[in-house]
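Per-entry structural report
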Amino acid sequence: MKHLNCIVVFDAAKDKILLCKRTKDPYKGLYNFVGGKVEPGESSERAAYRELQEETGISERSIELFRLMDLTYYIDNLVIEIYVGRLNRDTELIEETNPLIWMPLTENFADMERFAGEQDMAHIVNIALKHPLCKPAD
């Protein structure tokens, strides 16, 4: 199976998540989580940190990632590994290809005209919010 990852990054205040606006298909023009391919022989965790660094400039020193869930699409022979983390310090973002944006948690992530993934993003955000590290502040 082909392995990809998506990384849900919360800001330090825990009220926004980092998204990219895709510049190519699939989902060109829609907002999506950052992430990419797990290379052959590469550990899933190493791939998540590598992709995060490449796409955003966020290093391991600025965030601790936790594997949240895997989505397996047997019809596509594909596994998407979902990671979540919250920034522990201010970090300057460095865009690789896709423009980056901090999106407030009040957005409707199920809106398929704006967000990638057939409403998967709404589900993933809801599950990520249950992770103890990422619960919004009271």
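Below, the structure is looked at part by part. (Residues numbered from 1 in each chain as written. Predicted model: local features only at pLDDT ≥ 70, side-chain atom pairs only at ≥ 80, totals over all residues. Heavy atoms only, no water.)

**A word on helix H2 (residues 120–128)**
Taken residue by residue, H2 has Met 121, Ala 122, Ile 124, Val 125 and Ala 128 as its buried positions. The arc that holds every buried residue of H2, seen down its axis, measures 165°, which confines them to one face. Of the surrounding elements, those touching the buried residues of H2 are strand E1 (2–10), strand E2 (16–21), strand E3 (31–32), strand E5 (66–73) and strand E6 (78–86). (Buried < 20%, exposed > 50% of the residue type's maximum accessible area, 1.4 Å probe, protein only. Helix = DSSP H or I, 4+ residues; strand = E, 2+ residues; numbered from the N terminus. Arc of directions from axis to C-beta. Contact = heavy atoms within 4.5 Å.)

**With respect to unusual backbone geometry**
The residue after Asp 25, namely Pro 26, is reached through a cis peptide bond having omega 0°. Checked against the element boundaries, Pro 26 lands in the loop between E2 and E3. Phi is positive for Asn 77, close to 55°, though the residue is something other than glycine. For Asn 77, the position within the fold is in the loop between E5 and E6. Given the relative accessible area of 44%, Asn 77 is considered partly exposed. The backbone phi angle of Gln 119 is positive, close to 75°, even though this residue is not glycine. Within the secondary structure, Gln 119 sits in the loop between strand E7 (100–104) and H2. Taking the relative accessible area as the measure of exposure, Gln 119 reaches 41% and is therefore partly exposed.

**What to know about the nonpolar core**
With 23 residues, the main nonpolar core has Val 8, Ile 17, Leu 19, Phe 33, Ile 82 and Phe 109 as its most contacted residues. Sorting the residues of this core by element identifies E1, E2, E5, E6 and H2 as the ones contributing at least two each. By residue number, the principal contributor to this core is H2, which donates five residues. Among residues more than four places away in sequence, those in contact with Leu 19 are Tyr 31, Asn 32, Phe 33, Pro 99, Leu 100, Ile 101, Met 103, Phe 109, Phe 115 and Met 121. (Core = buried A, V, L, I, M, F, W, Y, C linked by side-chain atoms within 4.5 Å.)

Read these as layout, nothing more, since geometry by itself doesn't imply function.
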